[in-house]
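The chain contents come next:
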Amino acid sequence: MINYKNVFVVNHPLCCHNLSIIRDKNTTAEVFRNAIRRITYLLFYKASEDLELQECIINTPLETCKCQKINSEKEIIIVPILRAGLIFSDIANEIMPFASVRHIGMYRDEDTLKPVWYYNKIPVELEKPENKIIFILDPMLATGNTAIDAIKLFTAKNVPQKNIRFISLISAPEGLDNVTTNYPDVKIVTASIDKSLNNNGYILPGLGDAGDRIFNTVEN
Ligand code: URA
């Protein structure tokens, strides 16, 4: 039995509306990018809702009051997977300006559907891994192989699974099964769980190749 306890589908009306825009094959690259940016805010509100707070004292112009800020002992790392994950990273960084952004790059071997690494800006060793909060960004969770490699990069450095969040626009059930079987405590936030994968590892109905549509490199 697959455990989906940490999979969250953000089916806010604005997410549904903007998903309809990005699924449409006639949507231009500019409109596609803007619709994803609007969805990104909604995904990140969900993905960040359990960030730890610490109390602080603030002097307003009128008086002193107790407030709360994000716990500064926790280091938040935003990890866009090149290239499509870049579409999430500006907004993730805008709403969490105290985070660092560290890129990783993988492309999918079209025959094996396995990820091939080509870039990695994550330090070899992470100090106090229990204090790192990782947001991995990739719009399409398809086979789950890329997600697993990215998550493994951090669990191998002793970051607890519960500190890792994977953010996607659209997820395939096959990929979710794969990731949640291997990493049941990683939180996955997505705007849709679609029907299935096709034989080439593309999500159905999906939206096609996210990277090509974001960067306007779709070949007709
Ligand atoms: N990557 C994409 O960009 N689209 C898919 O449907 C699957 C993987």
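These numbers were taken from a predicted model, which means no experiment stands behind them. Throughout, residues of each chain are indexed from 1 in the direction in which the sequence is written. Local features are withheld for residues below a pLDDT of 70 in this predicted model, meaning they are given only at 70 or higher, and side-chain atom pairs are given and counted only at 80 or more; totals for whole chains, interfaces and linings count all residues. Hydrogens and water molecules were not included; the side-chain quantities draw on all heavy atoms of the structure.

1. Some points on the pairing of strand β4 (residues 75-82)
Think of it in three bands: with a 1.4 Å probe and only protein chains considered, a residue is buried below 20% of the maximum accessible area for its type, exposed above 50%, and partly exposed in between. In DSSP terms, a helix is any run of H or I states spanning at least four residues, a strand is any run of E spanning at least two, and both are numbered starting from the N terminus. By the criterion of burial, β4 is predominantly enclosed, with 7 of the 8 residues buried. Relative to strand β8 (residues 132-137), β4 runs parallel, the two sharing 6 bridges. Residue pairing for β8: I78 is matched across the bridge by F135. Two strands pair when backbone bridges link them, and β4 and strand β5 (residues 100-101) are joined in this way by 2 bridges, in the parallel orientation. Among the inter-strand pairings, I77 is bridged to a residue of β5, identified as S100. Each parallel crossover has a hand, and for β4 linked through helix α3 (residues 86-95) to β5 it is right-handed. Between any two strands, at least two bridges found by DSSP are needed for them to pair. Note that β4 and strand β6 (residues 104-108) share 2 bridges and pair parallel. Each bridged residue has a counterpart across the sheet, and for L82 the counterpart in β6 is G105. A crossover gets the label right-handed when its path from the first strand over the helix to the second runs clockwise, viewed with the strands pointing away from the viewer.

Remember that the coordinates give geometry; whether it matters functionally is a separate question.
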